[in-house]
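Spelled out from the first residue to the last, the chains are:
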Amino acid sequence: MGEQVKILSVNTGSSSIKCALYEMPQERLLMKGEIERIGQCESVLTIEAGENKRSEKRGVAGFHEGVELLLNSIYGGEIPVLKSLDEIDAVGHRVVHGGQSFEKALFVNDETMGLIKKYAEFAPLHRDANITAIESCKQLLTKCSNVAVFDTALYKNLPPKAFLYGLPIEMYEKNGIRRYGFHGLNHGYVAIEAARLIGKPLKDLKVISCHLGSGSSITAFKSGDAIDTSMGFTPFEGLLMGTRCGDIDPGIVIYLVRHLHYDAQKLEEILDKDSGLKGLCGKNDMRDIAALAESGDQNAQNALDTFVYRIQKYIGAYTASLGGLDVVIFTGGIGENSPALRKKILDSFGYLNIKIDENKNRSNSPLFSHRDSCVYALTIPANEELAITRETFEITSDEKP
C-alpha cells in the first residue's frame, strides 16, 4: 500500500453495526455510521461526516442489508464521502472470539474464516452478525482486503494462573477450555489513551479498566500487559450485564438440567438473553433501572446494587493482584455516561485514597480525580473502530494477503 490509505472498520454487535472510515496513517476520521435495532420493527441509521450528521428510521431486516446500507451511505447517500467504494483499501472487522488460533490480526481467507466460524459458537449473541458482516463485505467490496481483528488477542500473554480453570488439565490441553477474555480492543485502546492523557508510560502504571455497558468486563494491566480479565471462556463470566448472568455457581446449571430438565438451547437462552439486569428487574437499560430505583422499585434497586457490588469486588481483587493501583478507567455506554454510578463504585475505595472531583465527574471530564487523589480516575469514550483501524493498517502495511 502507498503512504495514504483509506480503511473501513466494521464493528458488529448483537443487533447493531458501527463503522468508521479513516484515512491512515494520519488517523483522520472521514465518516462514521451506525445502524441500531437491526431486525426490529424500526431500525435507526445515523451517519456523520465532519459537521454533517443525519439520522433516519427505516426497516433493516438483517446484517447483510445493514452492511449494504452503510456502504451505500459512504458514497451515494446524502453525505457522500467517496466517489467510489473502490477507494477503500481495506476493511477491518472486529471478531469477538479468536480462541487459541488467533493472537494477532489476520487477513480473512478460507482457513481463517473456517476457524472464525468454529469459535463463533462461544459468543452466541454476536455469532451470526459477525460472520454475515464479513461475508457481506467480501461480496460487496471485491477489490480490497478484509482483515479480522480479535477481541481476545489482548489476552494472549495472560499467565496460566489467570487463564486456567480448576478443571482436569486435559480439558485445556485437548479442548482449549481456558479464560480468553473479551472487549480486548477497547480495553487496550483506553489503557493506551489513559497513559497518554496523564503523561506516563503504560508500562510504568498499574491500571484497571472498567468497560461497562450492555456487556461489561474489567481488565487489569501491569508492565504494559493485560494480566487478568473478568470474562472467561465465553462472554458469560464476570460482571452482571444487561442480559447476561455473569459469575454464577456452576451447580445451578447442573440443578437446572437435572431437576428442571433444561437443555443446552434453553440454558443459553436464559443465561444469555434473560438474565443479568433484565432478569433481576425486567429492564436492561441502566437509565430505566436508575429511574425505577429512584421511584422506590426494590427489584431495580437490588439490580443496581448488585451491578455496583460486582464491579467493586473485581476492582478490589485486581488491586491486590497488581500490588496497588495507579489508574482506574471507566468506558462503555454506562461507564462514560453515568457520573452517579462512577461515584457509587469509587466511594468504596477510600482506603486507596481515591478522591474524585465532583464537578469534573458530573461533567464527564476525561480526568475526574481530585488533584490530591493517589489514583487517577478517568472517563474515556470507547473507540473500538479506531483500534480496529490501527491493527488493520499495521497488517496491511507489512504484509500482503
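Up top you'll find the structure we're talking about.
Residues numbered from 1 in each chain as written. Predicted model: local features only at pLDDT ≥ 70, side-chain atom pairs only at ≥ 80, totals over all residues. Heavy atoms only, no water.

A. Expanded view of the overall build of the protein chain. Each helix and strand in the protein chain was counted, giving 15 helices and 13 strands. Over its C-alpha atoms the protein chain spans a radius of gyration of 21 Å, differing by no more than 12% from the 21 Å that the globule rule assigns to 401 residues. Expressed as lengths along the three principal axes of its C-alpha atoms, the size of the protein chain is roughly 55 × 55 × 45 Å. Per-residue burial for the protein chain yields a buried fraction of 51% across its 401 residues. (Helix = DSSP H or I, 4+ residues; strand = E, 2+ residues; numbered from the N terminus. Rg over C-alpha atoms; globule rule 2.2 N^0.38 Å. Buried < 20%, exposed > 50% of the residue type's maximum accessible area, 1.4 Å probe, protein only.)

B. Layout of the nonpolar core. In this structure, Leu212, Ile218, Phe307, Ile345 and Leu346 are the most contacted members of the largest nonpolar core, which totals 36 residues. Residue assignment for this core shows that the elements contributing at least two residues are strand 9 (207-211), strand 10 (217-222), helix 9 (276-281), helix 10 (286-294), helix 11 (298-322), strand 12 (327-331) and helix 13 (339-346). At 10 residues, helix 11 tops the list of elements feeding residues into this core. Every residue in contact with Leu212, bar those within four places of it in the chain, is listed here: Leu239, Phe307, Ile311, Phe330, Thr331, Gly332, Gly333, Ile334, Gly335 and Ile345. (Core = buried A, V, L, I, M, F, W, Y, C linked by side-chain atoms within 4.5 Å. Contact = heavy atoms within 4.5 Å.)

C. Seen up close, helix 2 (residues 110-120). Within helix 2, burial applies to Thr112, Met113, Ile116, Tyr119 and Ala120. Viewed end-on, helix 2 has its buried residues packed into an arc of 130°, placing them on one side of the element. Structural note: helix 2 exposes Asp110 and Glu111 on the side pointing more than 90 degrees away from its buried face. Structurally, the start of helix 2 carries an N-cap: the backbone nitrogen of Glu111 is 3.0 Å from a side-chain oxygen of Asn109. (Arc of directions from axis to C-beta. Polar contact = N/O pair within 3.5 Å; in protein donor to acceptor, adjacent residues only side chain to side chain.)

D. Structural detail: the packing of aromatic side chains. All told, the structure shown has five aromatic pairs when counted by the stated rule. Relative to Tyr172, the ring of Phe163 lies with its centre 5.4 Å away and its plane at 45°, an arrangement referred to as tilted. Since its relative accessible area comes to 22%, Tyr172 is described here as partly exposed. Look at Phe349 and Tyr351: their rings are 5.9 Å apart centre to centre, the planes differ by 45°, and that puts the pair in the tilted class. On the basis of relative accessibility, which here comes to 2%, the residue Phe349 falls in the buried class. Here Arg342 stacks its cationic end above the ring of Phe368, 5.2 Å away from the centre of that ring. (Phe/Tyr/Trp six-rings, centres within 6.5 Å; stacked < 30°, edge-to-face > 60°. Lys NZ or Arg CZ within 6 Å of the ring centre and 35° of its normal.)

E. Quick peek at the sheet that holds strand 7 (residues 106-107). Sheet architecture is open: eight strands sit in the order 5-4-3-2-1-6-8-7, paired in mixed fashion. Looking at the sheet topology across the chains shown, the edges are occupied by strand 5 (52-58) and strand 7. For strand 2 (residues 17-24) and strand 3 (residues 28-36), the ladder comprises seven bridges, and the chain directions are antiparallel. Its bridge partner being in strand 3, Tyr22 is matched across the sheet by Leu29. Those strands touched by helix 15 (residues 384-398) are strand 1 (5-12), strand 2, strand 6 (90-95), strand 7 and strand 8 (145-150), and its axis lies near 130° from that of strand 1. (Pairing = 2+ DSSP bridges. Axes fitted to C-alpha atoms, helices over the stretch in contact; angles between N-to-C directions.)

F. The arrangement of the sheet that holds strand 9 in detail. Taken together, five strands build an open sheet; the order of strands is 11-10-9-12-13 and the sheet is mixed. This sheet does not close on itself; its edge strands, each paired only once, are strand 11 (225-229) and strand 13 (376-379). Adjacent strand axes in the sheet meet at a mean angle of 20° when their direction is disregarded. Of the strand pairs in this sheet, strand 9 and strand 12 are connected by five bridges, and their pairing is parallel. Each bridged residue has a counterpart across the sheet, and for Cys210 the counterpart in strand 12 is Phe330. With respect to the sheet, helix 6 (residues 184-198) is in contact with strand 9, strand 10, strand 12 and strand 13, its orientation differing from that of strand 12 by roughly 125°.

G. Geometry of the environment of Ser209. Tracing the sequence through the fold places Ser209 in strand 9. Residues Ser209 and Gly350, 141 residues apart in the sequence, show an inter-C-alpha distance of 18 Å. For Ser209, the contacting residues outside a window of four places in its chain are His187, Val190, Ser217, Ile218, Thr219, Phe221, Ile329 and Thr331. A distance of 2.7 Å separates the side chain of Ser209 from the side chain of His187, its partner in a polar contact.

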